[in-house]
Amino acid sequence: MSDRPYEKLELHGPSVMTNSELLAIIIKNGTTRLNCLQIAQNMLKGKPDKINVSDLEYLTSLSLQELKEFEGIGRVKAIQIQAVIELSKRISNIYSIKKEKIISPSDVFKLLVNEYIGQKQECLKTILLNKQNNIISIVTNAIGGNDRIHIGIKELFAEPLKQMASSIILVHNHPSGSIVPSKQDIRFTKNIKEYANIFEIQLLDHIIIANNQYISLKEEKYF
């Protein structure tokens, strides 16, 4: 039964399935040499330089081109796999923010660290909070290059104003692995704080996440 993931899920449900069996269902078809389960197992083995991450963390870190390098994975299957990964992240995020209250920078880190696993570009998110510091929503504002993000003031404040947020927390990653804020990070934060005051929205913090670590620009008194 282990080489027939479709039947196993139908008989016993998805919770008993291994990661490779679930991935095999997404892959669907094999090649003349490998079936879909063997292809999935090969993909989750990882590489020598990835041994410190789980098989799923490794999978989420792969680009479209890297996915296509596996036998049996073409353009369409690679796109389908990335789509499922992104969908699962968004579903997980919905459950994780439900009635979530932010008390400290570590709460922000725990909430969003998984969002940045495998990210090779900087990605800016804004956490919108009510007066009790409960999360209203989390907005992905912009995805930039590997060292900077470009976003306008109107674009960043559009959702906080629309959703009547009392305060916001900025969060972005450093693909380089360093959590040290750049001069541009500090300048950007101070600029956002000035506009936040104009809109009567409090900027509580700006968190940088990198290499499974974080830094709070507020705690470090950068603004």
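Before any of the text, the structure's been laid out above.
A. Region of the structure containing the nonpolar core. Ranked by internal contacts, the top residues of the largest apolar core, which has 19 residues, are L23, I27, M43, L59, L67, I73 and I81. Sort the elements by how many residues they give to this core and helix 3 (residues 36-44) lands first, with six residues. With near-sequence residues (within four places) excluded, I73 lies in contact with I27, I39, M43, L67, K68, A78 and I81.

B. Highlighting the pattern of salt bridges. Taken as a whole, this structure holds five salt bridges when the rule is applied. The partner of E21 in a salt bridge is K8, and the shortest N-O contact between them spans 3.0 Å. Of this pair, E21 sits in helix 2 (residues 19-27) while K8 sits in helix 1 (residues 5-12), placing them 13 residues apart in sequence. Neither E21 nor K8 differs from the other in exposure class; each is buried.

C. Local environment of the sheet that holds strand 3 (residues 167-173). The strand order across the open sheet built from five strands is 2-1-3-4-5, with neighbouring strands paired in mixed fashion. For this open sheet the edge positions go to strand 2 (135-143) and strand 5 (213-216), each flanked by a neighbour on one side alone. Averaged over all pairs of adjacent strands, the angle between their axes in this sheet comes to 20°, without regard to strand direction. Docked against the sheet, helix 9 (residues 183-198) engages strand 1 (123-129), strand 3 and strand 4 (202-210), running at close to 155° with respect to strand 4.

D. Inspection of the side chain of D107 at higher detail. Relative to the helices and strands, D107 is located in helix 7 (residues 105-112). For the buried D107, no salt bridge exists, and the shortest N-O distance to an oppositely charged side chain is 5.1 Å, to K110. In this view, D107 contacts K101 and I102; residues no more than four positions away in its chain are not counted.

E. Region of the structure containing unusual backbone geometry. With phi around 55°, M164 is a residue other than glycine that occupies positive phi space. If you trace the backbone, M164 turns up in the loop between helix 8 (153-162) and strand 3. Its identity is not glycine, yet K221 carries a phi of approximately 60°, on the positive side. Residue K221 is classed as exposed on the basis of its relative accessible area of 72%.

F. Broad picture of the environment of P181. On the secondary structure map, P181 appears in the loop between strand 3 and helix 9. The class for P181 is buried, based on a relative accessible area of 9%. For P181 and E66, which are 115 residues apart along the polypeptide, the C-alpha to C-alpha distance reads 30 Å. Beyond its immediate chain neighbours, meaning those up to four positions away, P181 contacts H174, I186, I208, I215, L217 and Y222.

What counts, and where the lines are drawn
Residues numbered from 1 in each chain as written. Predicted model: local features only at pLDDT ≥ 70, side-chain atom pairs only at ≥ 80, totals over all residues. Heavy atoms only, no water. Core = buried A, V, L, I, M, F, W, Y, C linked by side-chain atoms within 4.5 Å. Buried < 20%, exposed > 50% of the residue type's maximum accessible area, 1.4 Å probe, protein only. Helix = DSSP H or I, 4+ residues; strand = E, 2+ residues; numbered from the N terminus. Contact = heavy atoms within 4.5 Å. Salt bridge = Lys/Arg side-chain N within 4 Å of Asp/Glu carboxyl O. Pairing = 2+ DSSP bridges. Axes fitted to C-alpha atoms, helices over the stretch in contact; angles between N-to-C directions. Lys, Arg positive; Asp, Glu negative; His and termini not counted.

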